[in-house]
Amino acid sequence: MAPSEMVLLDGRSLTVDEVFSVASAGAPVRLAPEARARMDRTRAIVDGIVTRKEVVYGVTTGFGKLSEVAIPLDRLADLQVNLIRSHSAGVGPLMAEREVRAMMLLRANVLASGYAGARPALVELLIGMLNAHLVPPIPEQGSVGASGDLAPLSHLALSLIGEGTLACNGDAGPARQMLTAAGLSPVVLGPKEGISLVNGTQAHTGVAALALIDARHLWYTAHVAGAMSLEALLGTPVAFDERIHRARGQVGQAESAALLRSLLVDSEIRESHRLNDPRVQDAYALRCMPQVHGPVRDALDFAAEIIGREINAATDNPLVFDDGTMLSGGNFHGQSVAMVLDYLAIALTNLATMSERRIDRLVNPDLNQGLPPFLSPDPGVHSGYMMVQVTAAALASECKVLSHPASVDTIPTDGSKEDVVPMAMGAAIKLRRIVRNVQYVLAIELLCAAQGVDYRAPLAPGLGVRRAHRLVRDLVEPLAEDRVPSGDMTVLADAIANGHFDFSFSYDHASV
């Protein structure tokens with residue numbers, strides 16, 4: 001999606017790619033007219049409840065354990081503001097700007113659905129802040145994922161009422177002042193609007209949506225790096241034959257094998273050892289790439305369904321319906337996305353595990369099929385890539401620790417009114433760390449595999465690997481003597497994060 005393309009919020013049709021476009025590329029946002037009309041209708045229902053002095057949770061009562069406390073009409077405004085202030089209890093490092101923007105967009109989209117009974121003015125202010133690139137500081141710790149991401153969303157809501165601070169392109173100041181400078185005004189919250197701003201799953205779902213995009217890049221890059229390693233190690237693509245994978249019938253596995261075949265087509269390196277090679281088959285880290293990378297693709301597809309539904313889900317409580325009914329439930333509970341975040345953590349950790357094992361084979365003189373020890377141009381005097389495998393091992397091991405699921409844990413909160421919670425934000429934070437770790441592990445593999453392919457010259461690798469090798473060499477020079485590798489690894493990790501290696505080919509694969 002082009003960064004300049006307008007994203008229209010209607011509360012029903014937002015996509016993960018649009019979330020990325022707004023959060024990371026700054027695409028402009030606008031409220032759909034039909035959403036505005038729907039919000040006006042449900043807001044009138046809330047106003048009617050207040051006028052009739054009906055007792056409804058979150059509208060004329062306290063919150064959580066205090067839901068049985070009726071609030072006098074003249075204190076309803078205090079109720080909403082006090083909720084925002086008291087729930088702004090986050091601590092720790094700040095969420096990244098793109099994550100905050102994703103959260104803002106998702107909250108605006110939830111309100112646009114009309115189920116919250118909030119005025120369009122709240123959505124318009126969130127959209128105005130997004131379009132003006134105003135972001136509040138949001139501590140990433142303090143949410144258990146139910147009743148939604150209360151702490152992070154409350155820190156966001158503070159800025160909407162002109163409290164706290166806001167930042168714009170590196171400049172920060174008091175929220176009210178920054179809003180005024182952008183031509184915006186804080187809102188004065190009406191009945192129910194405080195809880196409508198903070199009750200939902202948008203913090204961890206925003207992180208999840210962005211992590212899903214990152215994970216797609218990792219999946220493609222894992223194949224590019226793996227195919228390049230196979231070439232450097234004189235491996236065989238026979239294990240990727242379509243018939244093998246059709247016999248098993250797993251969709252992700254078949255797609256993985258097809259991608260590997262496309263990357264390896266017309267390889268001179270392959271032809272150099274097609275005959276008279278005493279080896280019967282390769283190690284699992286090479287031979288079983290489709291059987292391990294494939295399930296990761298299946299996990300991504302499953303996650304895309306769950307996250308895609310959640311970004312358009314009504315997660316407020318209570319919900320307001322067009323027929324005048326207001327129902328209290330638990331759509332704010334983040335278990336569905338929490339479990340997906342844990343699933344993705346496990347899936348991506350498997351990519352790191354496979355990649356690290358291939359890195360070891362590339363640098364290990366006992367396993368690398370005649371390549372120089374540690375790929376060093378002058379082994380002994382120069383250590384080559386000895387230490388980068390150690391870094392990959394450390395990162396892969398950390399991923400394994402982080403892939404322990406957060407969503408199976410729970411600690412009762414709010415006087416045990418909220419007795420089973422999903423720990424979704426913890427799952428999101430862990431996944432974000434795993435994503436960056438895997439970017440670095442794959443960067444290290446590209447670094448080593450490209451060096452290995454250099455040593456196989458003048459023989460050329462397959463067409464897809466050839467292209468990937470050129471991309472690596474555009475960013476990182478061959479290792480002619482020892483140098484600090486950290487910068488090279490970071491350059492390649494950043495390129496992976498930007499989708500630099502997301503490509504495939506569609507040749508006839510019979511010759512592979």
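Analysis parameters
Residues numbered from 1 in each chain as written. Predicted model: local features only at pLDDT ≥ 70, side-chain atom pairs only at ≥ 80, totals over all residues. Heavy atoms only, no water. Helix = DSSP H or I, 4+ residues; strand = E, 2+ residues; numbered from the N terminus. Rg over C-alpha atoms; globule rule 2.2 N^0.38 Å. Buried < 20%, exposed > 50% of the residue type's maximum accessible area, 1.4 Å probe, protein only. Contact = heavy atoms within 4.5 Å. Areas by Shrake-Rupley, 256 points an atom, 1.4 Å probe, with all protein chains shown as cover. Lys, Arg positive; Asp, Glu negative; His and termini not counted. Charge placed at Lys NZ, Arg CZ, Asp CG, Glu CD. Axes fitted to C-alpha atoms, helices over the stretch in contact; angles between N-to-C directions. Parallel < 35°, antiparallel > 145°, perpendicular 65-115°, else oblique. Nonpolar A, V, L, I, M, F, W, Y, C, P; charged D, E, K, R; others polar.

S.K.: Requested: an account of the overall build of the protein chain, with residues and values cited.
M.R.: When its secondary structure is counted, the protein chain shows 19 helices and nine strands. For the protein chain, whose C-alpha radius of gyration is 26 Å, the value lies close to the compact-globule estimate of 24 Å for 512 residues. Summarising its shape, the C-alpha atoms of the protein chain cover approximately 90 × 50 × 40 Å along the three principal directions. When each of the 512 residues of the protein chain is scored for burial, the buried share is 56%. Here the contacts in the protein chain between residues at least 6 apart in sequence split such that 79% fall between residues at least 24 apart. Here the protein chain has roughly 20,300 Å² of accessible surface; of this, 55% comes from carbon and sulfur atoms. Positive and negative charge centroids in the protein chain, built from 43 and 56 side chains respectively, lie 2 Å apart.

S.K.: Quick one: what's the story with the packing of helix α5 (residues 120–131) against helix α6 (residues 150–160), residue by residue and with numbers?
M.R.: Look at α5 against α6: their axes get within 11 Å of each other, and the N-to-C directions meet at 90°. On the basis of their axis angle, the class for α5 and α6 is roughly perpendicular. Seen from α5, the contacting residues are Leu125, Leu126 and Met129; seen from α6, they are Leu156, Ser159 and Leu160. By residue class, the composition of the contact of α5 with α6 is five nonpolar, one polar and no charged.

S.K.: Quick rundown of unusual backbone geometry? Include the residues and the values.
M.R.: Note the cis peptide between Asn317 and Pro318, where omega equals 0°. Note on placement: Pro318 falls in the loop between α14 (289–310) and β8 (319–320). Here the amide bond leading from Ala457 into Pro458 is cis, since omega sits at 10°, within 30 degrees of zero. You can see Pro458 is positioned in the loop between α17 (424–455) and α18 (463–475). Look at Lys192: it is not a glycine, yet its phi comes out positive at around 75°.

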